[in-house]
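Breakdown of the fold
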Amino acid sequence: MAKEENLMIDEQDKPLSLVMFSGTDDKLTAAAVLAVGAATMGRPVNLFLQYYALDAFRAGKVNADHALSPEATAAQAPVIRGHKGQHWSDLLRQAKEVGEVNIQACALSMDMFGIGREDLDPIVDGIEGVAAFIASASDGQVVFI
Amino acid sequence: MSITIAKSLDLKGLSCPLPIIKTAKAMKELAPGQLLEAFATDPGSVSDFKAWAQTTRNPLVESSQDGGVFHFVLKKKEI
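Description of the structure in this document. None of these values were measured; they are calculated from a predicted model.

**Overview of the sheet that holds strand β1 (residues 5-11) of chain B**
Residues and elements named next belong to chain B. In spatial order, the strands read β1-β2-β4-β3; together these four strands make up an open sheet with mixed pairing. The sheet is open, and its two edges are formed by β1 and β3 (60-66), each paired on a single side. Going across the sheet, the axis of each strand differs from the next one's by a mean of 15°, ignoring polarity. Bridge count for strand β2 (residues 35-40) against strand β4 (residues 69-75) is six bridges, and the pairing is antiparallel. Counterpart to Glu37 in the pairing with β4 is Val73. Where helix α1 (residues 18-29) meets the sheet, it contacts β1, β2 and β4, and its direction lies at approximately 160° from that of β1. With respect to the sheet, helix α2 (residues 45-56) is in contact with β1, β2, β3 and β4, its orientation differing from that of β4 by roughly 5°.

**Side note on a nonpolar patch on the surface**
Residues and elements named next belong to chain A. Together, Tyr52, Leu108, Met112 and Phe113 make up an exposed nonpolar region whose accessible area comes to about 390 Å². It is helix α6 (residues 107-113) that contributes the most residues to the nonpolar patch, three residues altogether. Assignment of secondary structure puts Leu108 in helix α6.

**Focus on the nonpolar core**
Considering soluble globular proteins, one finds that nonpolar side chains tend to be buried as a cluster. In terms of nonpolar packing, the biggest core is built from 50 residues, with Met20, Leu47, Phe57 and Leu92 of chain A touching the most fellow members. No other element matches helix α2 (residues 25-40) of chain A, which puts seven residues into this core.

**With respect to the pairing of β2 of chain B**
With respect to burial, β2 of chain B is a largely interior element, five of its six residues being buried. A crossover links β1 of chain B with its parallel partner β2 of chain B, the connecting element being α1 of chain B, and its sense is right-handed.

**Side note on the interface of chain A and chain B**
Often, the extent of an interface is quoted as the loss of accessible area on bringing the components together. The partner chain B presents 15 residues to the 16 residues of chain A that form the contact. Counting each side, the surface lost to burial between chain A and chain B is near 1,500 Å², with a carbon and sulfur contribution of 61%. Considering only the side of chain A, the residues that lose the most area to chain B are Thr40, Met41 and Val98 of chain A, jointly responsible for 31% of the buried surface there. Put simply, chain A and chain B have one salt bridge between them. Between Lys25 of chain B and Glu97 of chain A there is a salt bridge, with the nearest N and O atoms lying 3.0 Å from each other. Listing elements by their share of the side of chain A that touches chain B, those giving two or more residues are α1 (2-12), α2 and α5 (88-98) of chain A. Of the residues assigned to the side of chain A that touches chain B, the class counts are eight nonpolar, five polar and three charged.

Rules used throughout
Residues numbered from 1 in each chain as written. Chains lettered and ligands numbered in written order. Predicted model: local features only at pLDDT ≥ 70, side-chain atom pairs only at ≥ 80, totals over all residues. Heavy atoms only, no water. Pairing = 2+ DSSP bridges. Helix = DSSP H or I, 4+ residues; strand = E, 2+ residues; numbered from the N terminus. Axes fitted to C-alpha atoms, helices over the stretch in contact; angles between N-to-C directions. Contact = heavy atoms within 4.5 Å. Patch = residues over 30% accessible without salt bridge, like charges linked within 9 Å, V, L, I, M, F, W, Y side chains within 5 Å. Areas by Shrake-Rupley, 256 points an atom, 1.4 Å probe, with all protein chains shown as cover. Salt bridge = Lys/Arg side-chain N within 4 Å of Asp/Glu carboxyl O. Core = buried A, V, L, I, M, F, W, Y, C linked by side-chain atoms within 4.5 Å. Buried < 20%, exposed > 50% of the residue type's maximum accessible area, 1.4 Å probe, protein only. Right-handed = clockwise from strand over helix to strand, strands pointing away. Buried area = accessible area lost by both parts, 1.4 Å probe. Nonpolar A, V, L, I, M, F, W, Y, C, P; charged D, E, K, R; others polar.

Next comes the structure, spelled out in structure tokens:
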């Protein structure tokens, strides 16, 4: 027990860094839940938006339908859609209110899709490259979604 | 000794992660030593409140259940 508590204390201040790659609403939600959970517990959170996830953060597109992952069955889809939880963008907004959350767009993905800073939702804090992301992840965990 | 609750949250019907988000927000508003109580129906909230309290070092002074409703009391940590 003492060992477990020490481990938790040691891990507490380390950042949790999520590479958000998938752009479907279910995976964006799963990532947002991890982000907001860590933020409420005082962990700094870094989000690095790549590929399809970045596309979902375009201004005016955040609340659009981003479909579900291929593994969602026809029976599961309406259950997921009908769940009364909050939208992933609202979870991320609250994560920023309650904790320290830094949302960065991947420079490569921006260039690939021809997305400019002004095309992104204001929830995105900036644009960075992989080295900056890895530096901010420091010795904390990195999760790829 | 009487226990004074500074803030009470009704989190019944909310599912993860909303109970913890609302609790974390409300705890920010409390002064050190003040108590917050919360009522929740999310079955995950029992382990969530315990883990949240331990990690953030705000003591969980009560965790009980009445029917399908969980009752928690958290004490804002002294700085």
